[in-house]
Amino acid sequence: MNKKAIIEKTKNYVKRSMRNEEPGHDWWHTYRVLKMAKRIAREEKADMFIVELVALLHDIADWKFHGISAGPKKIREWLGSLGVDKENIDHVIEIVQESYFKGSGVPDKMRTIEGKVVQDADRLDAVGAIGIARVFTYAGYKKNLIFIPEIKPRKNMKFSEYKKGDVTAINHFYEKLLLLKDRMNTKTGKKLAERRHRFMERYLKQFFKEWNGKE
Ligand code: ADP
Ligand code: NI
């Protein structure tokens, strides 16, 4: 099967299997990551086939809901069934496993440019206007509150702490979103992240003015 057909088939497969995902991590997240990853990949001269596969498959069987080995297993089965060679399958899986955000205190170590590209695209979707929308959707889904002034954001979280504890939507900005611009891998990613970062800062400024009845 040629690469174009593999990508097309994978796109349909991902669309089908993400139909019941929770809001904010649905097919449209994957769609946006794919668009952005392709844009960055062109500028970074990364292998487009690997980048597209990773972007499409990176959130399949989300590790937070299905455990960390469910995604890789599904990916191996799927790409194997399309006849993708083992070397490429291993590469895709390596990147997907590394892409799971493990908390602000845990360093990243993407080995290849393809991994760096998709990680940047995924992170860009967590910041800016879309990022803000996703935070509040996620918080509502988890029945978390918008903000509780007594609860301070946590710093340098370990992986075990990242998904636990009392979190509010606003604290998530300080625990993750505002940290992402300094963790971008590529020049293009950094530039876009900085723009989206400034937009979030403006948003938070306005939020606290309104919170305190000042505006
Ligand atoms: P990723 O797609 O990078 O793996 P996650 O699965 O951790 O990100 O989160 C999906 C979306 O939900 C992201 O936009 C993220 O910022 C947001 N999110 C994750 N955890 C929280 C939280 N505790 N409160 C609010 N939003 C969250
Ligand atoms: Ni993602």
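Before reading on, note that the structure itself is shown above.
Each chain carries its own residue numbering, running from 1 in the direction its sequence is written. As a convention, the first chain written is A and the first ligand written is 1, with the rest following in written order. Owing to the predicted nature of the model, reporting of local features is limited to residues with pLDDT of at least 70; listing and counting of side-chain atom pairs is limited to 80 or more, with chain, interface and lining totals taken over all residues. Hydrogens and water molecules were not included; the side-chain quantities draw on all heavy atoms of the structure.

Turning our attention to the coordination of the nickel ion (ligand 2). For a metal with four tetrahedral donors the ideal donor-metal-donor angle is 109.5 degrees, while six octahedral donors give ideal angles of 90 or 180 degrees. The coordination sphere of the nickel ion (ligand 2) contains the protein donors His29 (NE2), His58 (NE2), Asp59 (OD) and Asp122 (OD), at a distance range of 2.1 to 2.2 Å. Sites may look incomplete, because water is not among the atoms used; the donor set itself consists of N, O and S atoms within 2.8 Å of the metal (3.2 Å for Na, K and Ca). In this scheme the shape depends on donor count and angles: four donors with every angle between 85 and 135 degrees give tetrahedral, four or six donors with opposite pairs above 155 degrees and others between 65 and 115 give square planar or octahedral in turn, and any other case is irregular. For the nickel ion (ligand 2), the four donor atoms in the first shell make angles of 81 to 171° at the metal, so the coordination geometry reads as irregular. Between consecutive donor residues of the nickel ion (ligand 2), the sequence gaps follow H-x28-H-D-x62-D. Only protein chains enter the calculation, and the probe is 1.4 Å; a residue is then buried if its accessible area is under 20% of its type maximum, exposed if over 50%, and partly exposed in between. Classification of Asp59 as buried rests on a relative accessible area of 9%.

What follows is about the site of ligand 1. Taken together, 14 residues lie near ligand 1, and His25, Lys64, Arg134, His172 and Lys176 sit nearest. Any pair of nitrogen or oxygen atoms within 3.5 Å is treated as a polar contact; in protein, a donor-acceptor pairing is required on top of that, and neighbouring residues in sequence qualify only through side-chain atoms on both sides. Between ligand 1 and Arg134 there is a distance of 3.2 Å, counted from an oxygen atom to a side-chain nitrogen or oxygen. One nitrogen or oxygen atom from the side chain of Lys176 is found 3.2 Å from an oxygen atom belonging to ligand 1. All accessibility values rest on the Shrake-Rupley procedure with a 1.4 Å probe; residue burial counts only the protein chains present in the view. Within the complex, the protein chains bury 94% of what would otherwise be the 540 Å² of accessible surface of ligand 1. Taken together, the residues of the shell around ligand 1 sort by class into five nonpolar, three polar and six charged. Summary of the distance rule: residues count as near a molecule or strand when at least one heavy atom falls within 4 Å of that molecule or strand. In this count, Pro and Cys sit with the nonpolar residues alongside Ala, Val, Leu, Ile, Met, Phe, Trp and Tyr, while Asp, Glu, Lys and Arg are called charged and the others, Gly among them, polar.

Turning next to the nonpolar core. Within soluble globular proteins, side chains that are nonpolar tend to cluster in buried spots. Core analysis: the biggest nonpolar cluster contains 57 residues, and Val14, Leu57, Ile75, Leu79, Val92, Leu124 and Phe173 have the highest contact counts within it. Only DSSP runs of H or I with at least four residues qualify as helices, and only runs of E with at least two residues qualify as strands; both kinds are numbered from the N terminus onward. The element best represented in this core is helix α3 (residues 48-57), accounting for eight residues. Here, residues are in contact when the closest pair of their heavy atoms is within 4.5 Å. With sequence-adjacent residues up to four places away left out, Val14 is seen in contact with Trp27, Thr30, Leu56, Leu57 and Ile60. We define the nonpolar core as a collection of buried residues of types Ala, Val, Leu, Ile, Met, Phe, Trp, Tyr and Cys that are connected through side-chain atoms lying within 4.5 Å of one another.

The probe, sized like a water molecule, is rolled over the atoms to show the empty space still left. Here the term cavity refers to a set of points on a 1 Å grid, laid over the protein atoms alone, in which a 1.4 Å probe fits but cannot get out; the term pocket refers to an open set having protein on both sides within 12 Å along at least five of seven lines, with lining residues being those that place an atom within 4 Å of a point. Grid points are joined across faces, edges and corners, and a volume is the space filled by probe spheres set on the points. Here the structure, examined in full by the defined rule, presents two cavities of 30 Å³ or more. Of the pockets and cavities examined, the second largest cavity occupies roughly 40 Å³. Every residue along the wall of the second largest cavity is listed here: His58, Ile95, Ser99, Met110, Gly115, Val118, Gln119 and Asp122. For the lining of the second largest cavity, the element with the most residues is helix α7 (residues 113-124), which contributes four residues. Counted by class, the lining of the second largest cavity contains three nonpolar, four polar and one charged residues.

One less than the residue count of a helix, multiplied by 1.5 Å, gives the span that helix is expected to have. With 13 residues, helix α6 (residues 86-98) should cover 18 Å at 1.5 Å per step; its first-to-last C-alpha distance of 18 Å lies within 8% of that length. Where the residues of α6 are buried, they touch α3, α5 (70-81) and α7.

So, on to the packing of aromatic side chains. Centre distance within 6.5 Å is the pairing criterion for rings of Phe, Tyr and Trp, where only the six-membered ring of Trp is used; planes under 30 degrees apart are then read as stacked, over 60 as edge-to-face, and the remainder as tilted. Under the criterion given, the structure shown has 12 aromatic pairs. Ring plane angle 85° and centroid distance 6.2 Å describe the contact between Phe147 and Phe207, whose orientation is recorded as edge-to-face. Of this pair, Phe147 sits in the loop between α8 (128-141) and α9 (159-162) while Phe207 sits in helix α11 (residues 187-211); the two residues are 60 residues apart in sequence, bridging distant segments of the chain. Like Phe207, Phe147 is buried. Ring geometry for Phe173 against Tyr203: centres 6.1 Å apart, planes inclined by 15°, an arrangement best described as stacked. One end of the pair, Phe173, is in helix α10 (residues 169-175); the other, Tyr203, is in helix α11, and 30 residues separate them in sequence.

Packed helices, taken two at a time, are described by their axes: the angle between them and the distance between them. Contact geometry of α3 with α7 gives a least axis separation of 9 Å together with a crossing angle of 40°. Judged on the interaxial angle alone, α7 and α3 are oblique. Judged by the twist between their axes, the crossing of α3 over α7 is right-handed. Of α7, the residues touching α3 (which contributes Ile50, Val51, Val54 and Ala55) are Glu114, Val117 and Val118. Here the residues of the contact of α3 with α7 sort into six nonpolar, no polar and one charged. Fitting a line to C-alpha atoms yields each axis, with helices limited to the stretch in contact; the angle taken between N-to-C directions then spans 0 to 180 degrees. By definition in this entry, angles of less than 35 degrees are roughly parallel, angles greater than 145 are roughly antiparallel, angles of 65 to 115 are roughly perpendicular, and the rest are oblique. Should the near helix be turned anticlockwise from the far one by less than a right angle, the crossing is termed left-handed; should it be turned clockwise, right-handed.

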